[in-house]
Amino acid sequence: AKTIYQFHIPRRMKKISLQWRITLMTAILIGITCVSMNSLIGYSGRHYMDSIGSDISANSDSYKGEQEFFNPESADLDQEVTIIVNGAQESFSTTNWCITAVVTLLGGVLAYFVSGRALKPLHTFASRVENVQPNNLTDMKITDDVPAEFKQFSISFNQMLDRLDEGFTAQRQFTGNAAHELRTPLALLQAQLELFSVEHPDLDAESADFLKLLQEQTGRMSQVTKTLLEMSELRTVPCNDCIELAPMIEEILADLSPVAEKKGVTLECDGTGTMVGSDTLIYRLIFNLTENAIRYNRPDGTVRVSVSQDGDDLVVRVADTGCGIPEKYKESIFQPFFRVDKSRSRENGGVGLGLSLVWEIADIHGGKVQAEESTEKGTVMTVPFSVRSEEHTSELQSLR
């Protein structure tokens, strides 16, 4: 049987950044080199000092006989010469070790900054990777102005982005085409079912339940198709409207008041703000968040939609008093067709695309929807939007 030797990096080393690994390895290498040089130079220095001491003692009147090397313990030697040579050897050794420590320390510090400089393209690449989104793949490409070591790496990364862009484009096209093809037959099927139910009001209970189930499922499929078609066409919607959020939120709450009354949920709103974007899409974003907060709220609960200014961002918050979202699902809820509780979602008529559509709309407007706070007492969904210059906003208002 063959024996395979595998070398593993210690677990503690894996937690250290690459820059610190290079620094530590360089410092250790410099330290070993300095210690080796110090030992060799120290041995050589002591040898020559012994020779010098021997020569001095040989010419001294107090020295009797000949000796091949300087021996400080010899009783025949000049005591004064012995003290001087011993002191010089100790000073030489101490100085050598101090120089070793200083050189090792300075070498480690220098290695840290040099390695940081050398790894700067890698840090730039890492930050670029973190900012990659489905809608900015072309902008995230690495330019040709990179070190030779990163040349092939950058080419491979750019090719990967091209493949991803082609894949996302094909996916959007397929989704749009499929939704477009399904919309007409589903609408026809839904119309035929409604017509059949009107023409046959005297159906038995079992047939009526079956017909009702068909109508519900056909309606769900039609809603899914409509949402998928909207998502595939989002990128083509112009986003240059000047939007007053306060009147829009009041209109949304008025539209959703029947759903809230049926659930026993109180609707509240406060704050105002102006932003630039697509009036239709922003309406749909706030509508979906508010509708979702109503559907998954407790009876006699509250939904509060607020707008506030946070630095350069205009933040829309939708807070509810529902049961909250588990921590592990805070990111997954924005994926298409994802449901935290599938049974509750079906009871509430959800298709799993509402929050995914919200994420797409927020991304188009330069924002990012997130569950800012979620506990057993409720959830707060936030969407920050970057506020454009007042001159641009005034110009859009004048055009309207």
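Refer to the structure above for everything that follows.
Let me begin by describing the structure that accompanies this report. (Residues numbered from 1 in each chain as written. Predicted model: local features only at pLDDT ≥ 70, side-chain atom pairs only at ≥ 80, totals over all residues. Heavy atoms only, no water.)

Turning our eyes to something else, we now look at the packing of aromatic side chains. Counted by the stated rule, this structure contains one aromatic pair. Here tyrosine 283 and phenylalanine 287 contribute two aromatic rings whose centre-to-centre distance is 6.0 Å and whose plane-to-plane angle is 20°, an arrangement assigned as stacked. Here tyrosine 283 pairs with phenylalanine 287, and both are found in helix α8 (residues 279–295), just four residues apart, close to one helical turn. Judged by relative accessible area, phenylalanine 287 falls into the buried class, the value being 18%. (Phe/Tyr/Trp six-rings, centres within 6.5 Å; stacked < 30°, edge-to-face > 60°. Helix = DSSP H or I, 4+ residues; strand = E, 2+ residues; numbered from the N terminus. Buried < 20%, exposed > 50% of the residue type's maximum accessible area, 1.4 Å probe, protein only.)

Quick look at the nonpolar core now. Most often, soluble globular proteins have nonpolar side chains that are buried together. Counting residues in each nonpolar core, the largest one holds 41 residues, and the members touching the most others are Leu245, Ile282, Leu285, Ile286 and Leu289. Those elements giving two or more residues to this core turn out to be α6 (205–232), α7 (245–263), α8, β4 (302–310), β5 (313–320), α10 (354–364) and β7 (378–386). Ignoring anything within four residues of it in the chain, the contact list for leucine 289 reads Val318, Leu355, Val358, Val369, Met381 and Val383. Ranked by size, the runner-up nonpolar core spans six residues in total, among them Phe125, Leu137, Met140 and Leu161. (Core = buried A, V, L, I, M, F, W, Y, C linked by side-chain atoms within 4.5 Å. Contact = heavy atoms within 4.5 Å.)

Turning next to unusual backbone geometry. Of note, aspartate 300 is a non-glycine position whose phi angle comes to about 65°, a positive value. The exposure class of aspartate 300 is exposed, given its relative accessible area of 68%.

Take helix α5 (residues 151–199) next. Taking 1.5 Å per residue, 49 residues should reach 72 Å; α5 reaches 72 Å between its end C-alpha atoms and fits that length. At arginine 183, α5 is deflected by roughly 30°, the largest bend along its length, and proline proline 185 occurs up to four residues later in sequence. All of the buried residues in α5 are Ser154, Phe157, Asn158, Leu161, Gly176, Ala179, Leu186 and Leu193. (Expected span 1.5 Å × (residues − 1). Bend = angle between axes of the 7 residues up to and from the residue.)

Purely spatial values, then, with no claim about function.
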